[in-house]
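In case you want the letters, here they are:
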Amino acid sequence: MAEPITCSKGRLTGVGVATYTGPQLWSCCALAIEIASTPSRRSLRHRARSSPSPIGRRLHPPALGESCLENHFDAIASKDLSPCTIMCHLFSGRRVPSHLTVVYAEGHPSMGVANDSTPSSKLHTRLRLWEFPDRYVFEPTDGLADLYLSVSRSDGSMNLVEELPPRGSSTNPKCQTVYGVIGLLKLAVGSYFLVITGRDCVGSYLEHAIFKVTGLKVLPCSNSHSTSVEQSKMEKEFSELLHAAEKTIGLHFSYDINLTLNLQRLHDLGGEFKSLPLWRQAEPRFLWNSYLLEPLIENKLDQYLLPVIQGSFQNIHAEVGSEKVNVTLIARRCTRRIGTRMWRRGADAEGYAANFVESEQIMESKGFTASYVQVRGSMPFLWEQIVDLTYKPSFDIVRQEEAPRILERHFHDLQKKYGAVLAVDLVNTHGGEGRLHDRYAKSIEPILSEDVRYVHFDFHRICGHIHFERLSQLYDQIEDYLKKQRYFLLNEKGEKIEEQTGTVRTNCVDCLDRTNVTQSMIGGKILESQLQRIGVLGANDTISKYPPFDAKYKVLWANHGDSISTQYSGTPALKGDFVRYGKRTTQGILNDLWNSLARYYLNNFADGTKQDAMDLLQGHYITSVSRGMEGPSKAGFLENYASFRLAFALVMGALMFMMMSLRQARNDVRHLVLSLLWAGLCIGIAHFVRGNGRMFTNRPRFYQSRH
């Protein structure tokens, strides 16, 4: 048994754990502790099952989840916290561990761990949710506060209370653990709380744990008797959309670090700014729950204001020669024009582009830290591609005369945030894509300068479906720009010795498949340049000379592309086998065929509801009494009942009767006439569905064409 650690002064406010592996510290605070902090019984209780640590085993950031921490420390505190005794069982076996795990109490300098913020400014990492008949109560179990958050189940009003409501013999409230509050959505008949019910630790960013949301739950706070029947019906439809919202993927957060800012911007901020609560530091474009946090901000519930981004977070750890190299890839999705593949195309009148994602690649080795940022986004002018049951709906450029103004506004915003911009356009030069290319090229021409460059590369014509190595031709065109705009670099002392002064903006039609292949190529070239700069690679070396690292790096970008693609289109990225393996494979081509068919189904028959859910959560469509917004426009009679399933059932029914009539035609010629009538009905229904395809798709209720 380990010796007890005694805190002889001060008040115990929490427990954290830090694991050292070699020169690195991965800090995951308060992941596996439980604090009961009622006025009558303030005690810290945690019962963790210890397990032996095998010799030579190293813990990398993705492994530092709750179960990992729970397996490596155990703490029990007495009811008397001043003084208090913490019994630490770091390891239950007698084997010599390959790493050191330190358990410490926050707020006690004697514990040997610096505490850079007061408990009152820290976010709650774990809450116990009590569901009483008239309210929800959130009980902090991380030791950061003694007050409980009470939320009315009738109107969503919030206030802090000192104790739980009394529980009688007939009261048996549900209780579960949640890991944060996403926010509150106020609707006409009540409010809806969104909470995090599941999380996975996916890595470390600047020595702080990063989590991926694996479970969301909507807590209704309804008061239907105070609204009209029509409003209640409308809100019932919205509550169904919130069930779709519970399936939102790609959400990431940290309790300690601002994930919405890239490394260069984070480094350039002053200490005063970094001392602000995380929600005040957040970049509004990438704050996924910005609208949902507004009610909590109004109630000054700083410890519950958890900033969340949508995107991806992945990292790899490998060796290049004798040096260890860590690479992290972060995607941050812009929320200004968030949506699904076919229902969010182009840009809006303010210049915000659909599927706009900032991708940041961070490299750490030999004490150096480097970062490179590139972006993707739909062609920034007004255009649409509305689903109509055809495999590839036609492109429609809207209000062409406004394209130069919108495009100029978009690039002006990019220049303010990233400096110089190189626009790489990968679309075809013929067909519908050709019309989009022509409009893009003509609209950007007036603003071209030393700081705004445009390069067109017909990906399909040059690379086809298998010769992606020909992307080297594109690199030859942009190499001088990449070297001129450089990348962000910190030395061993954390001092800035290089700065990124421009970015590459890549697009195809979807900004998914061709774009990800191209961005992975650019990222690889930048990484090689960085490793050569710090002496990990020789002047003429490439990462392909180190197969284990090269393989991991390709998988990193393939997973990055799959995450972005799944959020936008519903399926992983096409052409992912080239990114993953460096070549096209038969299995990859078959996967592309399957994913293309899946995209067709989702785009036509599922994404309308998904788009409405996104718009509701982002506040793009507001149905709040206080804001006086009207409901969605009513559809016509046929539109209310038209569905592809109904049309398909009618066609199949007509075909069945036609076949039955044909079988009887040998005995009675009248059945031949009937079979011709049924065949005509089949053809008529099929022709009607084809001619009115948009009517038979799953359409967003809130969507309005920009014509």
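Heads up: the structure comes first, above all this text.
Novice: Sorry, what's going on with the environment of Tyr621 here?
Specialist: Following the sequence through the fold, Tyr621 ends up in the loop between α15 (607–618) and α16 (637–641). Residue classification places Tyr621 among the buried residues on the basis of a relative accessible area of 13%. With 81 residues separating them along the chain, Tyr621 and Phe702 place their C-alpha atoms 7.2 Å apart.

Novice: Which parts of the structure should I look at to understand the state of the cysteines?
Specialist: Any covalent bond linking the sulfur atoms of two cysteines counts as a disulfide. For the structure on display, the rule yields zero disulfides. No disulfide involves Cys511; its sulfur sits 5.3 Å from that of Cys508, the nearest cysteine. Take Cys511: its relative accessible area is 0%, and that puts it in the buried class.

Novice: What is the right way to look at the sheet that holds strand β8 (residues 127–131) in this model?
Specialist: Note on sheets: strands pair through backbone hydrogen bonds, and any given pair is parallel or antiparallel. Strand order in the open sheet formed by five strands is β11-β10-β9-β8-β12, and the pairing between neighbours is antiparallel. This sheet does not close on itself; its edge strands, each paired only once, are β11 (158–161) and β12 (174–178). Across the sheet, the mean angle separating the axes of adjacent strands is 25° when strand polarity is ignored. Looking at chain direction, strand β9 (residues 135–140) and strand β10 (residues 148–152) are connected through four bridges and run antiparallel. In the strand pairing of β10, Val137 is matched with Ser150.

Novice: Just checking my understanding: could you explain helix α6 (residues 290–298) for this structure?
Specialist: Quick reminder: α-helices carry 3.6 residues per turn. Residues three or four places apart thus point the same way. For α6, the set of buried residues is Tyr291, Leu292, Leu293, Pro295 and Leu296. Considering only its buried residues, α6 is in contact with β11, β13 (181–187), β14 (190–205) and α15.

Novice: Explanation requested: the packing of helix α7 (residues 403–418) against helix α8 (residues 431–444) in the structure shown.
Specialist: The relative placement of two packed helices comes down to the angle between their axes together with the axis-to-axis distance. Two elements in contact, α7 and α8, have axes separated by 9 Å at closest approach and are oriented at 70°. On the basis of their axis angle, the class for α7 and α8 is roughly perpendicular. Both α7 and α8 take part in a crossing whose hand is right-handed. Across from Ala403, Pro404, Leu407 and Phe411 in α7, the residues of α8 making contact are Arg439, Tyr440, Ser443 and Ile444. Partitioning the contact of α7 with α8 into residue classes produces six nonpolar, one polar and one charged.

Novice: For this particular structure, what's the right way to read the nonpolar core?
Specialist: Nonpolar side chains in soluble globular proteins generally cluster together in the buried interior. Counting residues in hydrophobic clusters, the biggest one holds 47 residues, and the most contacted among them are Leu474, Leu482, Leu531, Phe549 and Tyr553. The element that contributes the greatest number of residues to this core is helix α11 (residues 513–533), accounting for six residues. The residues contacting Leu531, other than those within four sequence positions of it, are Val325, Met363, Val536, Leu537 and Ile543. Listed in part, the 34 residues of the second largest apolar core include Ile182, Tyr255, Leu278 and Trp288.

Novice: Help me understand a nonpolar patch on the surface in this model?
Specialist: On the surface, Met659, Leu662, Val669, Leu672 and Leu676 cluster together into a nonpolar patch covering about 480 Å² of accessible area. Contributing elements (two or more residues each) for the nonpolar patch: α17 (644–664) and α18 (669–691). Per-element tally for the nonpolar patch: the top contributor is α18, with three residues. Leu676 gets classed as exposed once you look at its relative accessible area, which sits at 58%.

Cut-offs applied
Residues numbered from 1 in each chain as written. Predicted model: local features only at pLDDT ≥ 70, side-chain atom pairs only at ≥ 80, totals over all residues. Heavy atoms only, no water. Helix = DSSP H or I, 4+ residues; strand = E, 2+ residues; numbered from the N terminus. Buried < 20%, exposed > 50% of the residue type's maximum accessible area, 1.4 Å probe, protein only. Disulfide = S-S within 2.5 Å. Pairing = 2+ DSSP bridges. Axes fitted to C-alpha atoms, helices over the stretch in contact; angles between N-to-C directions. Contact = heavy atoms within 4.5 Å. Parallel < 35°, antiparallel > 145°, perpendicular 65-115°, else oblique. Left-handed = near helix turned anticlockwise from the far one by under 90°. Nonpolar A, V, L, I, M, F, W, Y, C, P; charged D, E, K, R; others polar. Core = buried A, V, L, I, M, F, W, Y, C linked by side-chain atoms within 4.5 Å. Patch = residues over 30% accessible without salt bridge, like charges linked within 9 Å, V, L, I, M, F, W, Y side chains within 5 Å. Areas by Shrake-Rupley, 256 points an atom, 1.4 Å probe, with all protein chains shown as cover. Salt bridge = Lys/Arg side-chain N within 4 Å of Asp/Glu carboxyl O.

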